[in-house]
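Understanding the architecture of this molecule
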Amino acid sequence: MALGYEALSDPIRRKKLAVHPVKPWIGQGPSQIEKRGGSVVEEIWIKGPQGRIQAHWRPSAQDRSKALLLCHPHPQFGGTMNDRVLAECDDVAFGMGIPSLKFNFAGVGASEGVVGGIDAAAADVKAAAAVLDRNGGEGWWMGYSFGAVAALSALASDVPGSKPKGVILVAPALSLLPDLPVLPGNIPFFVISGTEDQFVSPETLTGYFGVSSVALIEGADHFFSGYDEILSKTMCRLLSGT
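Below: a short report on this structure.

The rules behind each value
- Here the residue numbering is sequential within each chain, running from 1 through the sequence in written order.
- Since the coordinates come from a predicted model, pLDDT governs what is reported: local features require at least 70, and pairs of side-chain atoms require 80 or more to be given and counted, while whole-chain, interface and lining totals use all residues.
- The side-chain numbers reported here are obtained from all heavy atoms of the structure, hydrogens and water having been left aside.
- Type-normalised accessible area, obtained with a 1.4 Å probe on protein chains alone, sets the label of each residue: buried when under 20%, exposed when over 50%, and partly exposed for intermediate values.
- Under the scheme used here, helices are H or I runs from DSSP no shorter than 4 residues and strands are E runs no shorter than 2 residues, and both carry numbers assigned from the N terminus.
- Between any two strands, pairing holds if DSSP finds at least two bridges.
- Whether a crossover is right-handed depends on one test, that the path from the first strand over the helix to the second runs clockwise when the strands point away from the viewer.
- Think of a 1 Å grid over the protein atoms and nothing else: a 1.4 Å probe that fits but is trapped marks a cavity, an open set flanked by protein within 12 Å on at least five of seven lines marks a pocket, and residues with an atom within 4 Å of a point count as lining.
- Grid points are joined across faces, edges and corners, and a volume is the space filled by probe spheres set on the points.
- Note on method: axes are straight lines fitted to C-alpha atoms, helices fitted across the in-contact stretch only, with angles between N-to-C directions ranging 0 to 180 degrees.
- Oblique is the label for every angle not falling under 35 degrees (roughly parallel), over 145 degrees (roughly antiparallel), or within 65 to 115 degrees (roughly perpendicular).
- Two helices that cross are described as forming a left-handed crossing if the nearer one is turned anticlockwise from the farther one by less than a right angle, and a right-handed crossing if clockwise.
- The contact criterion used is simple: two residues touch if any of their non-hydrogen atoms lie within 4.5 Å.
- Here the term charged refers only to Asp, Glu, Lys and Arg, the term nonpolar to Ala, Val, Leu, Ile, Met, Phe, Trp, Tyr, Cys and Pro, and the term polar to all other amino acids, Gly among them.

Bringing the pairing of strand 8 (residues 138-144) into the picture now. Counting buried positions along strand 8 gives six out of seven residues, so the element sits mostly inside the fold. Pairing of strand 6 (residues 66-71) with strand 8, which is carried by six bridges, proceeds in the parallel orientation. Counted as the bridge partner of alanine 67 is glycine 139 from strand 8. Sheet topology places strand 8 next to strand 9 (residues 166-170); five bridges connect them, and they run parallel. Residue pairing in the sheet places tryptophan 140 in a bridge with glycine 166 of strand 9. Chirality of the crossover, the property in question, places the unit of strand 8, helix 3 (residues 146-156) and strand 9 among those that are right-handed.

Here is the structure:
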């Protein structure tokens, strides 16, 4: 599954990260070839609230109806779409034949604009989700830490836009929200967190999302260092619905 070239007209500017680009390059950004796990990643530009949003589309070799949007951790602490935890989840999706779209929030990497708070990040999530819906399959959202809270805030926003078919939140930093929004009842939520997370307790997560929606990784902290394999297996189980 690949993004349609007609999308060049307005919502995105795209470049295939390969030796021979399929379209002339427009604007600035990385020029290197990027291959991960046997796949070619395509760099695209999404029309966002503050200007162009830098994003990477990883098409699947399989024709799957599901597609995954990935939202990165806090920009003010070095978070980008190249985050290690995000890469683990991205690799799981690709291994399952699920295409993915990850992006840099405004002001991060080559994305235009300035780094903002949760509301600004939520608006970027909406813009990226709209592109995913137009070009991918059944859209699922995944966010890690700040990105998880941004996705949650985007769902609670009054601004019209895309809604996911399901949401996976990894170590959501709920303390960044002044108030916890009411969860929509028609969208399944799944949470992955470590029992030793420094920023959110298991009790807070199970109290808000429900015990059955929270998968706790014993001993893991907010960064899942040394727990990559367990994180990947948990992500795979949730994406496959088993």
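Next comes the rest of the account.
The next thing to look at is the layout of surface pockets. Approximately 280 Å³ is the volume found for the largest pocket. His74, Phe77, Ser145, His222 and Phe223 are, among the 14 residues lining the largest pocket, the residues nearest its centre.

Turning our eyes to something else, we now look at the packing of helix 1 (residues 84-95) against helix 5 (residues 228-240). The interhelical angle for the contact between helix 1 and helix 5, taken along N-to-C directions, is 45°, at an axis separation of 9 Å. Taken as axis vectors, helix 1 and helix 5 run oblique relative to one another. As helix 1 runs across helix 5, the sense of the crossing is right-handed. Residues Arg84, Val85, Glu88, Cys89, Val92 and Ala93 of helix 1 pack against Asp228, Leu231, Ser232, Met235, Cys236 and Leu239 of helix 5. For the contact of helix 1 with helix 5, the per-class residue count stands at eight nonpolar, one polar and three charged.

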